[in-house]
Amino acid sequence: MTRAPNILLLMTDQQRWDAMGCSGGWVRTPNLDRLAAEGVRFTNCVATSPVCIPTRLSLATGLYPHNTGVWNNMQHQMPAGAPTWMQAVRGAGYRTSLFGKTHLHPHQGDLRDREGLMHACGLDDVDEIGGPRASAQVLSHMTAGWEAKGLWDAYRADYRERFRTKPHLVRPSTLGLEDYADVYVGQQAKRYLQGYDRPEPWCCWVSFGGPHEPWDTPEPYASMYDPGEMPPAISRPPAGERPRGQLDRLMERVNPAFEPGEVGRLRADYAGNVTLIDDQIGEILEAIEARGELESTVIVHTSDHGEMNGDHGLIYKSNFLDGAVRIPLIVRTPDSNAGSVCDSPAEWIDIGPTLVEMAGGELAHRQFGKSLCEVLEHPRATHRDFAISEIQGEIMLLDREWKAAINAEGEVYLLFDVREDPEEMRNLAGRPEVAEIETALRLRILERLVQTQLRQPFGR
């Protein structure tokens, strides 16, 4: 009998779609590039929401924010009984594990007290951390280690100073490389896999907290990139006469006073963090290879959303521009069409059903992710006619020609020709010559909403 494949889910937090050597060319990621060369890279995958909590909840459940009611970062705990892809993989006979961040419950108190919730969600072996900000306050195995070493107070003080000074301050973490959160996550996962000695195939979810801000990459990665060689930021175009939405509210509220050369420094530090994570991924792959299991392991790499890093005069995420909503997605399987690129629209919630199908399991609940397995065999095929993303009551649609977003009032306030305007500099919304296109795209969005309603509220 052929043993089921092992599963490795590699996930970062706030990694832009172009922050890989194989996608943007300005960050060195030899290990991710290797996975892309041995698998299928998706160029038009979007986050189900361009902000942490709603999109992570969507990944776990296969539901959209309009199903869960979680439209933005808020105090929310996923119900213990909510069905997940992790439960389905475990039900197929796997030993499941999680190292790193989930954000499926509030980042407060002691995360170790919530291991029971993680078990109920479908995760057997858990070493969970908070995000970079939460780790200034939240207890976990990692921060308990910082406290024992006398490092936690300096970390907290550094955080207070950063946000007193300016949120986009660039300087290395007080932790140093050995104790940096992304190194902790990578090393814990590596050691777990090195020592794995159970009869079940394993499904290991490695969820790094970086390259999420702050820009605090430790040396030697902090000075690995020349700020002057980083790609320039996309400038902010005029607003024009059109309806307004979430992006406009962000642009009114978020206007960092960038000093000359500062965006380059942000991007160089960010690139260093991505390369640091890539090196950790390389060590995990070496551990799997040493076990003789690399060729029989399904590997997925993705991120929950992007980071603007100065594009359009913005930092962070929470909008539908490419820097925030478009994410990396690489799927490498034992039978991959090696080196293939798929430009069909895809959604981040498609990952769960893909892993369940590869594990030989079934998702019994109604959900809206769509397995990528068929398009992995035929990368030039269309996986989805369009992908959607949601935030703050707004919905975006991306197909091969257009990106459109409607505000909470149902008006199209963003419209980009993705082929002719890849940097999203010409918002065509509100122009008479595209009125019919706006209407057609708006109707597609509303039809998708109707098609994806739940018969009963989430969590009941």
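Our structure's up above, just so we're on the same page.
Cut-offs applied
- Residues numbered from 1 in each chain as written.
- Predicted model: local features only at pLDDT ≥ 70, side-chain atom pairs only at ≥ 80, totals over all residues.
- Heavy atoms only, no water.
- Salt bridge = Lys/Arg side-chain N within 4 Å of Asp/Glu carboxyl O.
- Helix = DSSP H or I, 4+ residues; strand = E, 2+ residues; numbered from the N terminus.
- Buried < 20%, exposed > 50% of the residue type's maximum accessible area, 1.4 Å probe, protein only.
- Pairing = 2+ DSSP bridges.
- Axes fitted to C-alpha atoms, helices over the stretch in contact; angles between N-to-C directions.
- Contact = heavy atoms within 4.5 Å.
- Expected span 1.5 Å × (residues − 1).
- 1 Å grid on protein atoms, 1.4 Å probe; cavity = no way out; pocket = protein on both sides within 12 Å on 5 of 7 lines; lining within 4 Å.
- Points joined across faces, edges and corners; volume = space filled by probe spheres on them.
- Nonpolar A, V, L, I, M, F, W, Y, C, P; charged D, E, K, R; others polar.
- Phe/Tyr/Trp six-rings, centres within 6.5 Å; stacked < 30°, edge-to-face > 60°.
- Lys NZ or Arg CZ within 6 Å of the ring centre and 35° of its normal.

Participant: Give me the pattern of salt bridges: which residues, what numbers.
Facilitator: Following the criterion strictly, the structure yields 36 salt bridges and no others. A salt bridge links Glu200 to Arg198; the shortest N-O distance between them is 3.0 Å. With its nearest N and O atoms 3.4 Å apart, the salt bridge here joins Arg332 to Glu295. With Arg332 in strand S7 (residues 326-332) and Glu295 in the loop between helix H10 (262-290) and strand S6 (297-303), the pair connects residues that are 37 residues apart, well separated along the chain. What makes Glu295 exposed here is its relative accessible area of 57%. The network of salt bridges with common partners includes Arg34, Glu38, Glu289, Glu295 and Arg332.

Participant: Could you give an account of the sheet that holds strand S13 (residues 412-417), naming the residues involved and the relevant values?
Facilitator: Taken in spatial order, the 4 strands of this open sheet run S10-S11-S12-S13, and their pairing is antiparallel. Every other strand in the sheet has two partners, leaving strand S10 (387-391) and S13 as the edge strands with one partner each. When strand polarity is set aside, the average angle formed by the axes of neighbouring strands in this sheet is 15°. Sheet topology places S10 next to strand S11 (residues 394-398); 5 bridges connect them, and they run antiparallel. Directly across from Glu390, in S11, lies its bridge partner Ile395. Each of S10, S11 and S13 is contacted by helix H9 (residues 246-253), which is oriented at about 95° to S13, the strand it contacts most.

Participant: Pulling in residues and values, what's your account of H10?
Facilitator: Compared with the 42 Å implied by 1.5 Å per residue over 29 residues, the 42 Å span of H10 between its first and last C-alpha is a close match. Of all the 29 residues making up H10, 23 are buried; the element is thus mostly covered by neighbouring parts of the structure. Gly292 lies just past H10 and shows a positive phi near 75°.

Participant: Report on the environment of Val300, specifying residues and quantitative values.
Facilitator: Tracing the sequence through the fold places Val300 in strand S6. Under the relative-accessibility criterion, Val300 is labelled buried at 1%. C-alpha of Val300 to C-alpha of Arg400: the two residues are 100 residues apart in sequence and 23 Å apart in space. Leaving out residues up to four positions away in the same chain, Val300 has contacts with Leu8, Leu9, Leu10, Leu329, Ile330, Val331, Ile351 and Leu355.

Participant: Report on empty space enclosed by the protein, specifying residues and quantitative values.
Facilitator: Counted according to the given criterion, the structure contains 3 cavities of 30 Å³ or more. Taken as a whole, the largest cavity spans an internal volume of roughly 130 Å³. Pro132, Tyr155, Tyr180, Ala181 and Asp216 are the residues nearest the centre of the largest cavity, which is lined by 17 residues in total. For the lining of the largest cavity, the secondary structure elements donating two or more residues are helix H6 (141-148), helix H8 (181-194) and strand S5 (202-211). Residue classes in the lining of the largest cavity are distributed as 8 nonpolar, 7 polar and 2 charged. Empty space within the second largest cavity amounts to approximately 50 Å³. If you trace the second largest cavity, you find it lined by Trp17, Met20, Ser23, Arg41, Phe42, Thr43, Asn44, Ile327 and Pro328. Of all the elements in the fold, those that place two or more residues in the lining of the second largest cavity are strand S2 (40-46) and S7. Of the residues forming the lining of the second largest cavity, the biggest block, 4 residues, is contributed by S2.

Participant: Which residues make up the packing of aromatic side chains, and what values go with them?
Facilitator: Under the criterion given, the structure shown has 9 aromatic pairs. Relative to Tyr159, the ring of Tyr155 has its centre 4.9 Å away and its plane inclined at 35°; by these criteria the two rings are tilted. Taken as a pair, Tyr155 and Tyr159 lie in helix H7 (residues 152-165) at a separation of 4 residues, close to a single helical turn. On the accessibility criterion, Tyr155 (4% relative accessible area) is buried. The class for Tyr159 is buried, based on a relative accessible area of 5%. Connected via pairs of aromatic rings, a cluster forms that spans Trp146, Tyr155, Tyr159 and Phe163. Across the ring face of Tyr225, the terminal group of Arg28 is positioned such that the distance to the ring centre comes to 4.4 Å. It is Arg156 that lies over the ring of Trp152; its NZ or CZ is 3.7 Å from the centre.

Nothing here speaks to function; it is all geometry.
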